[in-house]
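# Inside the fold
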Amino acid sequence: MDTEFETLLYGQQFKKLYEKMSNLITEKYGLHKVEIEILLFLKKGKGNTARDIAENKYFSKAHISHAIDKLVECGYLVGKPDAQDRRCVHLILTEKTEPVCGELLKMRESLMGIVCKGITEEERRIMRQVAKKIAHNISMELGAEIQSKGKKEKEDLDDKKQ
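Residues numbered from 1 in each chain as written. Predicted model: local features only at pLDDT ≥ 70, side-chain atom pairs only at ≥ 80, totals over all residues. Heavy atoms only, no water.

## Considering a nonpolar patch on the surface
For clarity, the threshold we go by: For patch detection, residues must exceed 30% relative accessible area and be free of salt bridges, and they are connected within 9 Å for like charges or within 5 Å for nonpolar side chains (Val, Leu, Ile, Met, Phe, Trp, Tyr). Here the open area of atoms and residues is found with the Shrake-Rupley method and a 1.4 Å probe, where only the protein chains shown may cover a residue. Between Lys or Arg on one side and Asp or Glu on the other, a salt bridge is scored when a side-chain nitrogen of the former is within 4 Å of a carboxyl oxygen of the latter. Under the scheme used here, helices are H or I runs from DSSP no shorter than 4 residues and strands are E runs no shorter than 2 residues, and both carry numbers assigned from the N terminus. Note on exposure labels: buried denotes an accessible area under 20% of the residue type's maximum, exposed denotes more than 50%, and partly exposed covers the range between, all computed with a 1.4 Å probe on protein chains only.
On the surface, F14, M112, I114 and V115 cluster together into a nonpolar patch covering about 320 Å² of accessible area. With three residues, the top contributor of residues to the nonpolar patch is helix 6 (residues 97–115). Mapped onto the elements, F14 comes out in helix 2 (residues 12–29). Owing to a relative accessible area of 38%, F14 belongs among the partly exposed residues under this scheme.

Printed below as a string of structure tokens:
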């Protein structure tokens, strides 16, 4: 595998740049990375429960739970129990998130401008297609790994019962 491609997949340079740019915002509002990622996830409307966040952002359930508690405590979120399933809590952004999310979205737009400088729209389109395929391949592998692990655990339990 070539170095440039590995750099893209591992994302360490991107991560450093993202952290450098987002640190001003996290410090200004007293938030951590996981908390701002949760706010942006909810702002984009891709889901509104802790489970949705866990399935899409790959943070640990403990980190998500702690972050949600802090965001509720700080007035950025309110939880609304689901009408059919009281165990499920829908997370709703408050008006207090508007300036934070606004700054974060501007920062991300600026970040993409830096990252995509000199890349044509056609190259971006191709890059998005390739990235979707790579993400799908990784998800399929991780899903197979999780299923395999779950199957192994079930077999172990069955063995213990016998």
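Structure's up, so let's keep going.
## What about helix 3 (residues 33–44)?
Each α-helix turn comprises 3.6 residues. Residues three or four places apart therefore point the same way. Here is the rule we go by: Expected span of a helix, by definition, is 1.5 Å for each gap between consecutive residues, and there is one gap fewer than residues. In this analysis, two residues are considered to be in contact whenever any of their non-hydrogen atoms come within 4.5 Å of each other.
Taking 1.5 Å of rise per residue, 12 residues should cover 16 Å, and helix 3 covers 17 Å from first to last C-alpha, within 8% of that figure. Here helix 3 lies mainly inside the structure; nine of its 12 residues are buried. Along helix 3, the positions that sit buried rather than exposed are V34, E35, I36, E37, I38, L39, L40, F41 and L42. The inward-facing, buried residues of helix 3 contact helix 2, helix 4 (50–57), helix 5 (61–73), strand 1 (77–81), strand 2 (89–93) and helix 6. One or two steps after helix 3, the chain reaches G45, where phi turns positive at roughly 70 degrees.

## Observations concerning the environment of Y18
In this fold, Y18 is placed in helix 2. A residue is classified by how much of its surface remains accessible, and Y18, at 6% relative accessible area, is buried. Residues contacting Y18, with those up to four places away along its chain left out, are K33, I36, E37, L40, M107, R108 and L111.

## Structural notes on the side chain of E37
Inspection of the secondary structure assignment puts E37 in helix 3. Filtering out sequence-adjacent residues up to four positions away, E37 remains in contact with Y18, K57, F59 and R108.

## Observations regarding the packing of aromatic side chains
Here is the rule: Here a pair means two rings of Phe, Tyr or Trp (six-membered ring of Trp) with centres within 6.5 Å. Their orientation is stacked below 30 degrees between planes, edge-to-face above 60, and tilted elsewhere. The rule is short: NZ of Lys or CZ of Arg within 6 Å of the ring centre and within 35 degrees of the ring normal puts a charge over the ring.
All told, the structure shown has one aromatic pair when counted by the stated rule. Summarising the aromatic geometry, the rings of F14 and Y18 are spaced 6.3 Å apart at their centres and angled 25 degrees between planes, so their arrangement reads as stacked. One end of the pair is F14 and the other is Y18, both in helix 2 and four residues apart, which spans about a single turn. The cationic tip of K96 hangs over the ring face of Y76; the distance from NZ or CZ to the ring centre is 4.8 Å.

## Focus: the packing of helix 3 against helix 4
Which entries qualify depends on this criterion: Here an angle of 0 to 180 degrees is reported between the N-to-C directions of two axes, which are lines fitted to C-alpha atoms, with helices fitted over the stretch in contact. In this scheme, roughly parallel covers angles under 35 degrees and roughly antiparallel covers those over 145, while 65 to 115 is roughly perpendicular and the rest are oblique. The residue classification treats Ala, Val, Leu, Ile, Met, Phe, Trp, Tyr, Cys and Pro as nonpolar and Asp, Glu, Lys and Arg as charged. All others, Gly included, are polar.
Look at helix 3 against helix 4: their axes get within 11 Å of each other, and the N-to-C directions meet at 105 degrees. Judged by the angle between their axes, helix 3 and helix 4 are roughly perpendicular. Along the contact surface, helix 3 presents E37, I38 and F41, while helix 4 presents D52, I53, N56 and K57. Of the residues contributing to the contact of helix 3 with helix 4, the split by class is three nonpolar, one polar and three charged.

## Looking at the confidence of the model for the protein chain
Spelled out, the test is: Confidence scores here are pLDDT values: one per residue, from the predictor, ranging 0 to 100.
For the protein chain, the average pLDDT comes to 83, and 82% of its residues sit at 70 or higher. Contacts of residues 149–162 to residues separated by more than four positions or lying in other chains number zero contacts, the stretch itself having pLDDT below 50.

## Regarding helix 5
Note the cut-off: Throughout, the arc means that of the directions going from the helix axis to the C-beta atoms.
When the terminal C-alpha atoms of helix 5 are compared, their 18 Å separation across 13 residues agrees well with the 18 Å that a helix rising 1.5 Å per residue should span. Where helix 5 is concerned, the buried positions are I64, A67, I68 and L71. Buried residues in helix 5, looked at end-on, bunch into an arc of 100 degrees, giving them a common side. Turned more than 90 degrees off the buried face of helix 5, the exposed positions are A62, H66, D69 and E73. Of the surrounding elements, those touching the buried residues of helix 5 are helix 3, helix 4, strand 1 and strand 2.

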